[in-house]
Amino acid sequence: MQTTETNLILIVDDTPTNLEVLSEALTDAGFEVAVATSGESAIEQVEYDPPDLILLDIMMPGIDGFETCYRLKQNPRTKDIPVIFMTALSDTVDKVKGLSLGAVDYITKPFQQAEVLARVQIHVNLRNLNLALEEKNIRLEQEITERAIAETALQQLTQDLEQRVLSRTQELSNALYNLEKAQVQLVQSEKLATLGQLVAGIAHEINNPVNFIHANLYYVSRYTQNLLELLNLYQNQLPNATPEILAKAKEIDLQYLIEDLPKILSSMEVGTERICEIVKSLRNFSRHNEAEVKVVDIHEGIESTLMILRRHLEAKPNQPKIQVVKEYGKLPKVECYPGKMNQVFMNVLSNAIDALTEAMENYPSYIPSPRIWITTEVQESDRILIRIADNGLGIPENIQKRIFDPFFTTKPAGKGTGLGMSISHQIVTELHYGSLQCISHPGKGAEFVVEIPIQQPHVCHTGLVKQKFLGSSIPVMLNL
Ligand SMILES: Nc1ncnc2c1ncn2[C@@H]1O[C@H](COP(=O)(O)OP(=O)(O)OP(=O)(O)O)[C@@H](O)[C@H]1O
Ligand SMILES: [Mg+2]
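Analysis parameters
Residues numbered from 1 in each chain as written. Chains lettered and ligands numbered in written order. Predicted model: local features only at pLDDT ≥ 70, side-chain atom pairs only at ≥ 80, totals over all residues. Heavy atoms only, no water. Core = buried A, V, L, I, M, F, W, Y, C linked by side-chain atoms within 4.5 Å. Buried < 20%, exposed > 50% of the residue type's maximum accessible area, 1.4 Å probe, protein only. Helix = DSSP H or I, 4+ residues; strand = E, 2+ residues; numbered from the N terminus. Contact = heavy atoms within 4.5 Å. Pairing = 2+ DSSP bridges. Axes fitted to C-alpha atoms, helices over the stretch in contact; angles between N-to-C directions. Near = heavy atom within 4 Å. Polar contact = N/O pair within 3.5 Å; in protein donor to acceptor, adjacent residues only side chain to side chain. Areas by Shrake-Rupley, 256 points an atom, 1.4 Å probe, with all protein chains shown as cover. Nonpolar A, V, L, I, M, F, W, Y, C, P; charged D, E, K, R; others polar.

What follows is about the nonpolar core. Grouped together as the largest cluster of nonpolar side chains are 51 residues, with contacts concentrated most on Ile298, Ile372 and Phe448. Ranked by the residues each element gives to this core, the list is headed by helix H9 (residues 338-362), at 11 residues. Non-local contacts of Ile372, meaning those with residues more than four positions away in its chain, are made with Leu313, Ile322, Gln323, Val324, Val325, Leu349, Ala352, Ile353, Leu356, Ile388, Ala389 and Asp390.

Take a look at the structure:
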């Protein structure tokens, strides 16, 4: 705050005596004093050396005190300098007019020195206080601005930080996702390599001897027939058999043998035919060497899968048979990775069987006739749809969202790996450019809809064979 020693008072008066009297009194009181004898010179002087207070006479030649005051108050640089009017004792009108023009006070002539000093002192003090307050205000405003800037910077920093945390989290979850995917493929490949080779190996090993037996059974039947005819001839031509022959015929129950042998042979033929079919299915299912796109009959793949799962569909003690209702449409041959597609059918059908079996075990009366529906159709002439639905307990909504996540399972430890659906999804969407959807209303079963193009886009456009997801061509066989 300024002290009184440094406070400058400008006295504006055209009467030298007044100037003199006031100058002296103010100088004696410790003020610095400047004088002006007209309004114009006062305004000029205030511009280059602003005082802390102005004592302004009203009646002056040129512009009078009111006009001078008015102009000073119009100028932003001088408007805050306090003005005290000097007026005659009786001029009430002047006093009011001066105050309304912005003067802070008035002093009356003839001057009472003590009063002048007291009023000047008060207003100088007020002025000093005002200035100090203004300064503080400015500093406060500066501080507020600085704080606002700091706050904005802090907010920016926080935002940057949040952004970095977000993108880092995203990177990490991407990495985790990729890791899980890689792990799934690894687990899958290992499982597939072992199971697939085993199945393909067994199929191969069985194939030759079974074919051999099956082919020879024809001759065995013919030869047997011939022998039986010969025997018949003997019996007719030589009716009196020796006692030894009669004893042997009795011992082996010849009559029954003659009747039963052809039946046995024909059931053996049926049996070997069945084995041949199973072997064919196994080979078809594993499509051991087919890591490339092939044009195949999708129904054949579904049939092979059903054949392999046949045992699980059969009736068990206290459990009815699971019926498979097929509504096959007229499908063209489809370009796909057959082994992989079979793997999808296997996974979806296994889940349906698991769901029905679980429902039958836990709520025997709930599902009196367990069923799986398999429907196929052509969709908009360039895609096929395969729907596999069951009438099990269905999938609750919160679980539906997670069934395609790797390792998600609701089955007890050791029963499910939680990979079936995630792998199937990958096979259908990534490998075949298709879609795999799950539709389920809890309590009303579940339906899985596979949609794939009839022709794989990469093959028909570029003629190239896609090189991804080819870790192994053998599907997983979970419940074999
Ligand atoms: N038809 C269905 N009915 C009811 N729930 C189903 C059906 N299909 C899938 N699910 C649910 O989805 C989950 C995930 O299925 P997924 O095939 O991925 O794994 P999993 O069958 O548990 O194990 P695995 O890897 O051995 O197949 C299952 O645990 C089950 O809860
Ligand atoms: Mg499964």
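Still more ground to cover, so stick around.
What follows is about the sheet that holds strand S12 (residues 446-453). The strand order across the open sheet formed by 5 strands is S7-S9-S10-S12-S11, and the pairing between neighbours is mixed. Sheet topology places strand S7 (323-327) and strand S11 (435-440) at the edges, where each strand pairs with a single neighbour. Neighbour-to-neighbour, the strand axes of the sheet open up by a mean angle of 15°, direction not taken into account. Where strand S10 (residues 383-390) lies against S12, 8 bridges are found, and the strand directions are antiparallel.

Let us now look at the sheet that holds strand S3 (residues 53-57). Here we have 5 strands laid out as an open sheet, ordered S2-S1-S3-S4-S5, and parallel in their pairing. Each edge of the open sheet carries a strand with a single partner, namely strand S2 (32-36) and strand S5 (105-109). Neighbour-to-neighbour, the strand axes of this sheet turn through a mean angle of 20°, independent of strand direction. Sheet topology places strand S4 (residues 83-88) next to S5; 5 bridges connect them, and they run parallel. From the neighbouring strand, Phe85 faces S5, where its bridge partner is Tyr106. Lying on the sheet, helix H1 (residues 16-28) is in contact with strand S1 (8-12), S2, S3, S4 and S5; it crosses S2 at an angle near 165°.

This next bit is on the site of ligand 1. Thr409, Thr410, Lys411, Thr417 and Leu419 are the nearest of the 20 residues found near ligand 1. A distance of 2.8 Å is found between an oxygen atom of ligand 1 and a side-chain nitrogen or oxygen belonging to Asn351. When ligand 1 sits alone it has 600 Å² of accessible area, and the protein chains cover 94% of it. Only H9, helix H11 (420-431) and S12 provide two or more residues apiece to the shell around ligand 1. When residues of the shell around ligand 1 are assigned to their parent elements, the largest contribution, 3 residues, is made by H9. For the shell around ligand 1, the per-class residue count stands at 10 nonpolar, 8 polar and 2 charged.

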